[in-house]
Amino acid sequence: MAVAIITGRQSPAVEKRARDLGIAHCYQGQENKRIPFEDLLSKVKLSLPEIAYAGDDLPDLPIMKKVGLSIAVAN
């Protein structure tokens with residue numbers, strides 16, 4: 001299983017937390033999340049139905065419409 005973070009924000013705390021959790025794929029400062037998502041797909045070799053994606057804002061919708069399981073968090 002591969003875990004990744006794709007976020008529009010830039011934070012040293014997120015980078016440290018990803019490292020502490022062993023999350024190798026951490027994309028920060030991403031306004032267009034489709035670009036890092038496509039890069040991630042080429043690295044992890046998963047098909048779209050095999051992917052779960054959790055998002056909380058409008059930039060997440062294009063990816064959420066493509067993947068096998070979409071999760072919208074309350075905020």
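Anyway, here's the lowdown on the structure attached to this text.

Calculation notes
- Residues numbered from 1 in each chain as written.
- Predicted model: local features only at pLDDT ≥ 70, side-chain atom pairs only at ≥ 80, totals over all residues.
- Heavy atoms only, no water.
- Helix = DSSP H or I, 4+ residues; strand = E, 2+ residues; numbered from the N terminus.
- Rg over C-alpha atoms; globule rule 2.2 N^0.38 Å.
- Buried < 20%, exposed > 50% of the residue type's maximum accessible area, 1.4 Å probe, protein only.
- Contact = heavy atoms within 4.5 Å.
- Lys, Arg positive; Asp, Glu negative; His and termini not counted.
- Charge placed at Lys NZ, Arg CZ, Asp CG, Glu CD.
- Arc of directions from axis to C-beta.
- Salt bridge = Lys/Arg side-chain N within 4 Å of Asp/Glu carboxyl O.

Structural notes on the overall build of the protein chain
Helices and strands together make up the secondary structure of the protein chain, namely three helices and four strands. Along the chain direction, N to C, the helices and strands of the protein chain fall in the order β-α-β-α-β-α-β. The C-alpha atoms of the protein chain give a radius of gyration of 12 Å, which matches the 11 Å a tight globule of 75 residues would have. The principal-axis extents of the C-alpha atoms in the protein chain amount to approximately 30 × 30 × 20 Å. Sorting the 75 residues of the protein chain into buried and exposed places 25% on the buried side. When contacts within the protein chain are restricted to residue pairs at least 6 apart in sequence, those whose partners lie at least 24 apart make up 21%. For the protein chain, the centre of its 10 positive side-chain charges and the centre of its 9 negative side-chain charges are spaced 1 Å apart.

Some words on helix α2 (residues 34-44)
Looking only at α2, the buried set comprises Pro 36, Phe 37, Leu 40 and Leu 41. Along α2, the residues classed as buried sweep out an arc of 145 degrees about the axis, all on the same side. Residues of α2 that are buried make contact with β1 (4-6), β2 (25-27) and α3 (61-64). Following α2 by one or two positions, Lys 45 has its phi on the positive side, about 55 degrees.

A few points about the pattern of salt bridges
Close approach of charged atoms allows side chains of opposite charge to pair. This model, assessed by the stated rule, comprises five salt bridges. The salt bridge partner of Lys 66 is Glu 38, with a shortest N-O separation of 3.4 Å. Here Lys 66 is found in the loop between α3 and β4 (69-72), whereas its partner Glu 38 is found in helix α2, with 28 residues between them in sequence. Residue classification places Lys 66 among the partly exposed residues on the basis of a relative accessible area of 38%. Ionic pairing is found between Lys 43 and Asp 39, a salt bridge with its closest N-O pair at 3.1 Å. One end of the pair, Lys 43, and the other, Asp 39, are both in helix α2, four residues apart, so they sit about a helical turn from each other. Its relative accessible area of 29% is what places Asp 39 among the partly exposed residues.

None of this, on its own, says anything about what the molecule does.
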